[in-house]
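Listed below are the residues making up each chain.
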Amino acid sequence: MTRHDSQTRRTDIDRQWWKEAVVYQIYPRSFNDSDGDGVGDLQGITEKADYLADLGVDVVWLCPVYESPNADNGYDISDYRSIMDEFGTMADWEALLDALHERDIRLIMDLVVNHTSKQHEWFQQSRRREDGYDDYYHWVDGTPSEPPNNWESIFGGPAWTYDDERGQWYLHLFDPEQPDLNWRNPEVRDAVTEAVTWWLEKGIDGFRLDAIDHLSKSDAYPDGDPDSAIVGIEHFSHGPRLPEYLDELSAAFEGYDTMIVGEMGGADIEQVDDYTGEDGVDMIFQFDHMGVSVGPNGRWDPTQFGEWELTDLKEVISQQQDEIDWPALFFGNHDQPRLVSHFGDDETYRTESATLIATFLLTLRGTPYIYQGEEIGMTNTEFDSLEAIDDPMTVGIVEDLIADGVVDSYEEVRDLVDYQSRDHARTPMQWDDTENAGFTADDPWFDVNDNYDEINVESALADTDSIWHHYETLIELRHSEDVLVYGDYDLLLPDHDQFYAYTRTLENETTLVVLNWSDECSTFDCPSVPTADANVVVSNYDDTPSDPTGHAFRPYEAVVYQL
Ligand code: NOJ
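In this text, all values refer to a predicted model and were calculated from it rather than measured experimentally.

S.K.: Outline the sheet that holds strand β10 (residues 259-263), supporting the account with residue identities and numerical values.
M.R.: Reading across from one edge, β11-β10-β9-β5-β2-β1-β13-β12 is the order of the eight strands in this open sheet, with parallel pairing throughout. The sheet terminates laterally at β11 (283-285) and β12 (328-329), the two strands that pair on one side only. Where strand β1 (residues 23-26) lies against strand β2 (residues 59-62), four bridges are found, and the strand directions are parallel. Within the sheet, the bridge partner assigned to V23 lies in β2 and is V59. Against the sheet, helix α4 (residues 90-102) makes contact with β2 and β5 (106-111), and its axis sits at roughly 140 degrees relative to β5, the strand it touches most.

In structure tokens, the structure reads:
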């Protein structure tokens, strides 16, 4: 692997630190267990602060660490101002913040305010109609046998549960343990702002806003299209008051030097810029590219999954690159299968395809997000029964498929689960080849992937040609080359079914990226780009010639050139 000397930094660019940052996402439960109880924790992350600094990342996004009964691993918050016991104490959290800041790494927290836990005191008071909390959630009259409408939960099953104590139905777009907050109530919005301000005052550097496309629902609760993959979604995504709510929320960040990224599972590419900018957030996770491998009924369509065309990926990514003001770049996260299993070849060409995807992630326009374990090429695992699954989404969807008669048993849907389950991303981080992959001294809360003796941080650090070192090189390159952050993106060879190639251009600087996204050799030829004077900046193979034209790219060969 080679790279060239860094260039002088330009001064004539409207810089933002969050545009130049590389983010590393941590799922605390599965990162590192410091106290031997089988669950990752805050001290465990602090122990790895040097590891993160060595990799070169600028920001850590911490998935929820607030108090929670863990119906959805922390995405069901029961107190916005405290730390879950299993993860440690507020003092541990402060020590983590200090350790990261000492290493020039910023910290953003997950903010889950579309819903709370049922155990949150707001819900407890609301179900008893107490103290002004009456209207904090979506409560609707009805008989216990008849939900108010046909809306379905994103986790499967109906989106309504009858609460005997209050004698009404409440809305939950996710698990029944996650009741949706009623954002129409200004007191709810004020309470959220107070929690946000509380954390900003503690010194955090921003938020990842969970599921914010669902904050506003249709005014009444009309039935949804019964043929939709998630019935009712047109009434509970991008509702009429969403821009207003985001504008109001963004006012809470004013005066703080923050980075705010919103998660919008259902936003079209065209919608993204409506929610960013001065009266919105800095960037949005848009998911179209994650859907290239799914069937007409979405992610959990058992009739079609796994096959995807490179030309489709090019089309979607290029549309994001061309049309979104500032993209949030990701190919995996805690809700997705492992990136190398999804978009690469996790067997024969694991290293080559993982480094190809890393090259892609870190040379596109936008802010790149690395999910824990991607830097060592962690792969999907296998689930031989429904009991082996922890994720409420996978369980709920499989139960629905069986109840609806789409499949008769788990066995029939197992291939889909082995392809799609969110649990693939939640197996513990593989630190070394000792028992439990060095993640914990006790039994881990969730099984470690069997391949930890081969795929682990210790061996990756020891091998200068490893996936880890490729990430390190690419992060360093991105930090030193403005063209990779701020340059224009131009797709080449849109119809080629093996090469994904593009240029990044900033005034007179041009970088060419050529990815042979295939397990077969192919010769590069793109007459519109003059390559005779090209230089190899980074390659995932040895002996890559400096001129790509006429070069037979090897399986998953990925090269960054300076033109
Ligand atoms: C999106 C989060 O990423 C996911 O993990 C969670 O289950 C849902 N939102 C509900 O909070």
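S.K.: Run through empty space enclosed by the protein, naming residues and quoting values.
M.R.: Counted according to the given criterion, the structure contains six cavities of 30 Å³ or more. What the largest cavity holds in volume is close to 90 Å³. Looking at the lining of the largest cavity, the elements that each hand over two or more residues are α10 (310-323) and β12. With three residues, the top contributor of residues to the lining of the largest cavity is α10. For the lining of the largest cavity, the class distribution of residues is nine nonpolar, four polar and no charged.

S.K.: Can you break down the packing of helix α6 (residues 186-201) against helix α8 (residues 242-251) residue by residue, with the values?
M.R.: For the pair α6 and α8, the least separation of the axes is 10 Å and the interaxial angle reads 35 degrees. Considering only the axes of α6 and α8, their crossing is right-handed. Seen from α6, the contacting residues are R189, V192 and V196; seen from α8, they are E244, Y245, E248 and L249. Partitioning the contact of α6 with α8 into residue classes produces four nonpolar, no polar and three charged.

S.K.: Could you give an account of helix α14 (residues 410-420), with specific residues and numbers?
M.R.: Counting buried residues in α14 gives eight out of 11 residues, a clear majority hidden from the surface. Taken as a whole, α14 has its buried residues at Y410, V413, R414, L416, V417, D418, Y419 and Q420. Structurally, α14 contributes buried residues whose contacts are with α11 (339-343) and α13 (392-403).

S.K.: Tell me about the layout of surface pockets, and name the residues and values.
M.R.: Here the second largest pocket is characterised by a volume of approximately 640 Å³. Per-element tally for the lining of the second largest pocket: the top contributor is α14, with three residues. Looking at the lining of the second largest pocket residue by residue, the classes come out as seven nonpolar, eight polar and 11 charged.

Thresholds applied
Residues numbered from 1 in each chain as written. Predicted model: local features only at pLDDT ≥ 70, side-chain atom pairs only at ≥ 80, totals over all residues. Heavy atoms only, no water. Pairing = 2+ DSSP bridges. Helix = DSSP H or I, 4+ residues; strand = E, 2+ residues; numbered from the N terminus. Contact = heavy atoms within 4.5 Å. Axes fitted to C-alpha atoms, helices over the stretch in contact; angles between N-to-C directions. 1 Å grid on protein atoms, 1.4 Å probe; cavity = no way out; pocket = protein on both sides within 12 Å on 5 of 7 lines; lining within 4 Å. Points joined across faces, edges and corners; volume = space filled by probe spheres on them. Nonpolar A, V, L, I, M, F, W, Y, C, P; charged D, E, K, R; others polar. Left-handed = near helix turned anticlockwise from the far one by under 90°. Buried < 20%, exposed > 50% of the residue type's maximum accessible area, 1.4 Å probe, protein only.

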